[in-house]
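Working through the structure, step by step
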Amino acid sequence: MTERKTSHPSSVVVLDHPLVQHKLTRLRQKETSTAGFRRLTRELSLLMAYEATRDLPLETVEIETPLEWTHGHLLSGKKLCLVSILRAGNGILDGMLDLVPAARVGHIGLFRDPATLEPVEYYMKLPEDIGERVCIVVDPMLATGHSAAAAIDRLKHAGARQLVFVCLLAAPEGVAFLSKAHPDVKIVTCSIDRELDDHGYIRPGLGDAGDRLFGTK
Ligand code: URA
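Definitions and cut-offs
- Counting of residues starts from 1 at the beginning of each chain's written sequence and follows it residue by residue.
- Reporting in this predicted model follows two pLDDT cut-offs: at least 70 for local features of residues, and 80 or more for side-chain atom pairs to be given and counted; totals over whole chains, interfaces and linings ignore these cut-offs and use all residues.
- UniProt positions are given in the numbering used here, feature names are shortened, and annotations may be inferred rather than shown by experiment.
- Segments assigned H or I by DSSP are reported as helices when at least four residues long, segments assigned E as strands when at least two residues long, and all are numbered from the N terminus.
- What the globule rule says is 2.2 Å times the number of residues to the power 0.38, and the radius of gyration is computed from C-alpha atoms.
- Three exposure classes are used, based on other C-beta atoms lying within 10 Å of a residue's own C-beta, which is placed from the backbone: buried for 20 or more, exposed for 12 or fewer, and partly exposed in between.
- Contact between two residues is assigned when their C-beta atoms, built from the backbone, lie within 7 Å.
- Working note: the arc is built from the helix axis to C-beta atom directions.
- To estimate how far a helix should reach, multiply one less than its number of residues by 1.5 Å.
- For every element, the axis is a line fit to its C-alpha atoms; helices are fit only across the contacting stretch, and the angle between N-to-C directions ranges from 0 to 180 degrees.
- Orientation categories follow fixed angle ranges, with anything under 35 degrees roughly parallel, anything over 145 roughly antiparallel, 65 to 115 roughly perpendicular, and all other angles oblique.
- Take the far helix as the reference: if the near one is turned anticlockwise from it by less than a right angle, the crossing is left-handed, and if turned clockwise, right-handed.
- Across the chain, each position has a pLDDT score giving the predictor's confidence in that residue, from 0 to 100.
- Only strands that DSSP links by at least two bridges are regarded as paired with each other.
- Just so you know the grouping, Ala, Val, Leu, Ile, Met, Phe, Trp, Tyr, Cys and Pro go in nonpolar, Asp, Glu, Lys and Arg go in charged, and all remaining residues, Gly too, go in polar.

For the protein, the name recorded in an unreviewed UniProt entry is Uracil phosphoribosyltransferase, with Gluconacetobacter johannae as its organism. Under the UniProt heading Sequence similarities (unreviewed entry), the note attached to the protein is "Belongs to the UPRTase family." Turning to the protein, the UniProt record has this under Function (unreviewed entry): "Catalyzes the conversion of uracil and 5-phospho-alpha-D-ribose 1-diphosphate (PRPP) to UMP and diphosphate."

Right, let's get into the overall build of the protein. Helix and strand counts for the protein come out as 6 helices and 13 strands. Relative to its length of 217 residues, the protein is compact, with a C-alpha radius of gyration of 18 Å against a globular reference of 17 Å. Its C-alpha atoms put the protein at 65 × 40 × 35 Å along the principal axes. Each of the 217 residues in the protein was classed as buried or not, and the buried ones make up 38%. The contacts in the protein between residues at least 6 apart in sequence include a share of 61% that link residues at least 24 apart.

The next thing to look at is helix 1 (residues 18-28). Within the span of helix 1, buried status applies to Val20, Lys23, Leu24 and Leu27. Projected down its long axis, helix 1 carries its buried residues within an arc of 105°, all on one side. Turned more than 90 degrees from where helix 1 packs its buried face, Pro18 and His22 sit exposed. Buried residues along helix 1 sit in contact with strand 2 (12-15), helix 2 (34-52), strand 10 (162-170) and strand 11 (186-192).

Turning our attention to the environment of Asp197. In this structure, Asp197 sits in the loop between strand 12 (195-196) and strand 13 (202-203). Separated by 26 residues in sequence, Asp197 and Ala171 place their C-alpha atoms 9.6 Å apart.

Quick look at helix 4 (residues 146-157) now. Helix length check: helix 4 (12 residues) gives 16 Å between terminal C-alpha atoms against 16 Å at 1.5 Å per residue, within 8%. Turning to helix 4, its buried residues are Ser147, Ala148, Ala149, Ala151, Ile152 and Leu155. Just downstream of helix 4, Gly159 is the residue with a positive phi angle, here 115°.

Mapped onto the present numbering, the UniProt feature "binding site: uracil" (unreviewed entry) falls at Ile202, Gly207, Asp208 and Ala209. Apart from residues lying up to four places away in sequence, Ile202 is in contact with Met141, Ala143, Leu169, Ala171, Asp193 and Leu196. Along the chain, Ala209 turns up in helix 6 (residues 209-214).

Put simply, helix 2 and helix 3 (residues 90-99) touch, their axes get as near as 7 Å, and they point 50° apart. Considered as vectors, helix 2 and helix 3 are oriented oblique to each other. Helix-helix and strand crossings are classified by hand; for helix 2 and helix 3 the assignment is right-handed. For the pair formed by helix 2 and helix 3, the contact residues are Arg38, Thr41, Arg42, Glu43, Leu44, Ser45, Leu46, Ala49 and Tyr50 on the first element and Gly91, Ile92, Asp94, Gly95, Met96, Asp98 and Leu99 on the second.

What follows deals with the confidence of the model for the protein. In the predicted model, the protein carries a mean pLDDT of 93, and the fraction of residues at 70 or more is 95%. Across the assembled chains, the prediction reports ipTM 0.96 with pTM 0.93.

All right, on to the pairing of strand 2 then. Of the two faces of strand 2, only one is covered, namely that formed by Val13 and Leu15; the face formed by Val12 and Val14 stays uncovered. Strand direction decides the pairing type here: strand 2 and strand 11, joined by 3 bridges, are parallel. Considered in strand 11, the bridge of Val13 is made with Val188.

Another point: the packing of helix 4 against helix 5 (residues 172-181). Between helix 4 and helix 5, the shortest axis-to-axis distance is 9 Å and the interhelical angle comes to 20°. One finds that helix 4 runs roughly parallel with respect to helix 5. Crossing handedness for the pair helix 4 and helix 5: right-handed. Only Phe177, Leu178 and Ala181 of helix 5 make contact with helix 4, whose side of the interface consists of His146, Ala148 and Ala149. When grouped by side-chain class, the residues that make up the contact of helix 4 with helix 5 number 5 nonpolar, 1 polar and no charged.

Here it is, written out as structure tokens:
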């Protein structure tokens, strides 16, 4: 697959492949059904996983085809861990697991304390060998960037060393916050939208990704 992508400073990759942009536009439309939203998210997740896994190390192996011996390349090492930021991150897991079915999966749940506004962890379950894996952290919306940065703080504390953050949409404010907090973490997204509004929604955006994925509104 030949891929066009736009690079931004601080390791941000915006996928401007025509298929990605077409599916993203359908996803944004308010008349898209819950089933359609899930299907499009799954398809976009697979395409984002393609980019997020670009730097995985390979090893050379000797194999036999029906005709002769040759050399090929396989992923080396312990490979991947996908980490979903609950709950909307779960919508991205399915498409990614289609592409990398052997990946381990972790989950992190955070809510914002109404008094301190700090993210508070209510759930975290990660594979034990997370330090030996490339971690792809998924959340459809990078809005303020606070939960993403807090999740990555916790993953680093648990031993993760190589991390990529993947989202469908990002606000410029979220990209700035996350890039400053974790400059070593590459961000892969389908779009950096115009702005974050006063209610924390990305504009023009796609609305509440969790509600649209799970049909809860
Ligand atoms: N979370 C969402 O689901 N949508 C936004 O626009 C921002 C955060």
